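Fold and contact review
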Amino acid sequence: MKFGAPAESIELQQMTWPEPGPGQVLVRVSTAGAGYPDAMMAAGHFPLLGEPPFGLGEEAAGEVVAVPPGSRFTVGDQVTGITGFLDGWGGYAEYTYLREESTIRIPARMTLQEAGGFPIAFRTAYAGLIDRAPVNAGQVLLVLGAAGSSGGAAVQLGKALGATVIAVAGSREKLDFCIRHGADHGVNHRSEDLPTRVGELTGGRGADVIFDPVGGGTALAALQAIARDGRLVLIGLASGEPVALDAMDMLMRNYSAVGVLATPKDTAAEAAVWDRLADLTDRGAIRTSVGHVYDFQDVPEMIAGQTAPGAGKSVVRITSA
Ligand SMILES: NC(=O)c1ccc[n+]([C@@H]2O[C@H](COP(=O)([O-])OP(=O)(O)OC[C@H]3O[C@@H](n4cnc5c(N)ncnc54)[C@H](OP(=O)(O)O)[C@@H]3O)[C@@H](O)[C@H]2O)c1
């Protein structure tokens with residue numbers, strides 16, 4: 001591929017996959033999940049990537065076909081995890097390498113479609129709401145981009161942690177989707193005054209934690225309704241720009257902002273993250289909110305659509321799933 005509009009820049013290529021090295025697991029891909037970062041990568045706006053060509057797709061689920069000596073996985077395991085996309089091995093392919101430390105066996109309750117869209121969104125929500133914010137039982141969590149990939153996972157994880165969750169999205173259909181997937185309340189950022197509605201829903205107190213994958217004006221509006229001692233969790237900029245923080249406002253209203261990059265701290269800590277996410281899935285507390293499911297030949301269309309996504313996590317079927 002090259003940088004540009006997905007329909008022109010993404011092409012199929014014949015590849016060979018060498019035996020996996022230490023820390024890699026080679027899988028035959030069943031499903032792979034999409035998100036706004038795909039659109040950023042295709043356009044050349046993703047900060048961590050080098051020059052094309054490279055394979056797109058940050059996450060995938062499938063069957064293990066090869067492992068290096070000493071791996072904790074075996075051939076035939078059904079797994080889901082984060083791909084080696086930063087090294088050029090994306091999930092929109094017949095085979096891909098998963099990063100062993102960010103891979104789990106697919107929990108019994110999880111379908112293959114849910115599995116393909118699980119790792120990035122929930123790893124991100126975990127980093128924001130458990131490692132960095134954190135959000136505690138009884139607190140109010142406001143989730144921007146709540147019908148999207150990381151926002152949808154934050155709604156579910158927030159509920160699992162015992163928070164009251166207010167979902168923010170741009171249409172009635174998306175808000176209904178959020179409520180069906182666990183949110184307590186919904187606010188339409190296009191047709192309602194966000195700070196006023198959050199004030200009404202919280203008895204004037206505001207939100208203890210704001211999960212922000214959107215940035216821009218929506219995040220600024222949400223900040224007007226942050227509670228004293230509140231935390232703004234900086235995830236991304238789906239609106240096109242990060243939120244413009246005002247240090248004086250933070251000082252005067254006693255709130256803080258925490259940056260989040262959902263990457264492993266060390267192997268033991270990463271294993272604990274995935275164990276807990278698998279356990280929450282086993283207990284039925286979290287699951288991927290699957291939206292549109294695409295066929296493999298529609299990957300360019302799917303990636304182009306990530307700049308204005310519908311409700312739920314976009315997933316592509318690579319083999320029959
Ligand atoms: N920090 C990390 O480790 C990490 C990990 C994963 C992703 N990210 C970043 O998080 C961001 C979102 O990624 P994602 O995959 O969650 O995106 P996504 O699934 O595309 O969701 C983004 C949501 O943002 C909303 N949105 C878009 N433009 C908006 C605007 N102008 N105002 C208000 N809402 C707007 C859309 O909802 P509505 O239509 O409802 O408005 C959409 O559902 C990206 O910047 C990505 O790079 C960061």
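Here's a quick rundown of the structure.

Calculation criteria
Numbers given for residues are sequential positions, taken from 1 along each chain in its written order. Restriction of local features to residues with pLDDT of at least 70 applies here, the model being predicted, together with a cutoff of 80 or more for giving and counting side-chain atom pairs; totals for whole chains, interfaces and linings are based on all residues. The side-chain values count all of the structure's non-hydrogen atoms but skip hydrogen atoms and water molecules. Proximity is defined per residue: any heavy atom of the residue falling within 4 Å of a molecule or strand makes that residue near it. A 3.5 Å cut-off defines polar contacts: any pair of N or O atoms within that distance qualifies, except that in protein one atom must be a possible hydrogen donor and the other a possible acceptor, and neighbouring residues in sequence count only when both atoms are side-chain atoms. Helix numbers and strand numbers start at the N terminus; a helix is a DSSP run of H or I with at least 4 residues, a strand a run of E with at least 2. In the scheme used here, Gly and all other residues not listed as nonpolar or charged are polar, with Ala, Val, Leu, Ile, Met, Phe, Trp, Tyr, Cys and Pro taken as nonpolar and Asp, Glu, Lys and Arg as charged. Where each domain begins and ends follows an automated or database-derived domain assignment. Only residues above 30% relative accessible area that lack a salt bridge enter a patch, with like-charged residues linked at up to 9 Å and the nonpolar side chains Val, Leu, Ile, Met, Phe, Trp and Tyr linked at up to 5 Å. Surface accessibility follows the Shrake-Rupley procedure with a 1.4 Å probe radius. Residue values consider only the protein chains on display as shielding. The salt bridge criterion pairs a side-chain nitrogen of Lys or Arg with a carboxyl oxygen of Asp or Glu, the two atoms within 4 Å. Exposure is judged per residue with a 1.4 Å probe applied to protein chains only, and the accessible area is read against the type maximum: over 50% gives exposed, under 20% gives buried, and values in between give partly exposed. The set of buried Ala, Val, Leu, Ile, Met, Phe, Trp, Tyr and Cys residues whose side-chain atoms join them within 4.5 Å is what this entry labels a nonpolar core. Residue contacts are counted whenever heavy atoms from the two residues lie within 4.5 Å of one another. Multiply 1.5 Å by the residue count of a helix minus one, and that product is the helix's expected span. Working definition: the arc comes from the directions between the helix axis and the C-beta atoms, pointing outward to the latter.

Section: the site of the ligand
Within the structure, the ligand sits among 27 residues, and Ser149, Ser150, Gly170, Lys174 and His189 are positioned closest to it. Between a nitrogen atom of the ligand and a main-chain N or O atom of Ile235, the distance comes to 3.0 Å. Broken down by element, the residue count for the shell around the ligand peaks at 3 residues, all from helix H2 (residues 36-43). Per-class residue counts for the shell around the ligand are 13 nonpolar, 12 polar and 2 charged. Three or more residues apiece are contributed to the shell around the ligand by two domains, here domain 1 (6-118 + 288-317) and domain 2 (122-259).

Some thoughts on a nonpolar patch on the surface
Taken together, the side chains of Leu48, Leu86 and Leu261 make up a nonpolar region of the molecular surface, amounting to roughly 290 Å² of accessible area. Inspection of the secondary structure assignment puts Leu86 in the loop between strand S3 (78-83) and strand S4 (95-105). Residue Leu86 is classed as partly exposed on the basis of its relative accessible area, which comes to 38%.

Some words on the nonpolar core
In terms of nonpolar packing, the biggest core is built from 73 residues, with Tyr92, Leu129, Leu141 and Leu157 touching the most fellow members. Element by element, the count of residues in this core is highest for helix H4 (residues 119-132), at 8 residues. Two domains each provide a minimum of three residues to this core, namely domain 1 (6-118 + 288-317) and domain 2 (122-259). For Leu157, the residues in contact, after removing those within four places along its chain, are Ala125, Tyr126, Leu129, Ile130, Leu280 and Ile286. By size, the runner-up hydrophobic cluster in this structure holds 20 residues, among which are Leu194, Ala219, Leu223 and Tyr255.

A look at helix H10 (residues 267-282)
When the terminal C-alpha atoms of H10 are compared, their 22 Å separation across 16 residues agrees well with the 22 Å that a helix rising 1.5 Å per residue should span. Buried within H10 we find Glu270, Val273, Trp274, Leu277, Ala278, Leu280 and Thr281. For H10, the buried positions fall inside an angular range of 160 degrees around the axis, keeping them on one side. For H10, the exposed residues lying more than 90 degrees away from the buried face are Ala268 and Asp275. Where H10 is buried, its residues contact S3, S4, H4 and helix H5 (149-160). Its side-chain oxygen placed 3.2 Å from the backbone nitrogen of Ala268, Asp266 serves as the N-cap of H10. Positioned one or two residues after H10, Gly284 has a phi angle of 75 degrees, which is positive.

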